[in-house]
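# Examining the three-dimensional arrangement
Take a look at the letters that make up each chain.
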Amino acid sequence: MAKHIEIMVAAVLISAVVMLVFAGPVSSFVERHPTVKILALSFLLMIGLMLMAEGLGSHIEKGYAYFAMGFSFFVEMINQRTSARRKAAAA
């Protein structure tokens, strides 16, 4: 990977620009939906725990984490849709 340092530098610069562009919209979305904030914090906690476990020598398959994140995201999207429908029906 270190053979192509210019590609790595370009990738880091492009990702930094993408983060700067999308930081505002993502932040406003998360502020409007507090359950997404809790979901994101739980993802960070899970990733941190996996990194700590791997640092201590225990191997955890990444597929378990990806499945848990995907399933949680799917449930949250259902939650967002049903709450939007409840608000529309109440109005």
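### Details of the packing of aromatic side chains
- Following the criterion strictly, the structure yields 1 aromatic pair and no others.
- A ring pair is formed by Phe-67 and Phe-71, whose centres lie 6.2 Å apart and whose planes are at 20°; its orientation type is stacked. Remark: Phe-71 and Phe-67 occur in helix α3 (residues 62-90); sequence separation between them is 4 residues, near one turn of the helix. Take Phe-67 and Phe-71: they sit in the same class, and that class is exposed.

### As for the confidence of the model for the protein
- The pLDDT averaged across the protein works out to 91; a share of 98% of its residues lies at or above 70.
- Model confidence for the protein, summarised as mean pLDDT per element, is weakest for α3 at 90 and strongest for helix α1 (residues 5-32) at 94.

### Considerations on α3
- Here α3 contains 29 residues, and its C-alpha end-to-end distance of 42 Å stays within 8% of the 42 Å for a straight helix at 1.5 Å per residue.
- All buried positions along α3 are accounted for by Ala-65, Met-69, Glu-76 and Gln-80.
- In this structure, the buried side of α3 is in contact with α2 (34-55).

### What about the environment of Ile-60?
- Mapped onto the fold, Ile-60 is located in the loop between α2 and α3.
- The class for Ile-60 is partly exposed, based on a relative accessible area of 28%.
- Separated by 10 residues in the primary sequence, Ile-60 and Met-50 have C-alpha atoms spaced 7.0 Å apart.

Thresholds, definitions, all that
- Residues numbered from 1 in each chain as written.
- Predicted model: local features only at pLDDT ≥ 70, side-chain atom pairs only at ≥ 80, totals over all residues.
- Heavy atoms only, no water.
- Phe/Tyr/Trp six-rings, centres within 6.5 Å; stacked < 30°, edge-to-face > 60°.
- Helix = DSSP H or I, 4+ residues; strand = E, 2+ residues; numbered from the N terminus.
- Buried < 20%, exposed > 50% of the residue type's maximum accessible area, 1.4 Å probe, protein only.
- pLDDT = per-residue confidence, 0-100.
- Expected span 1.5 Å × (residues − 1).
- Contact = heavy atoms within 4.5 Å.

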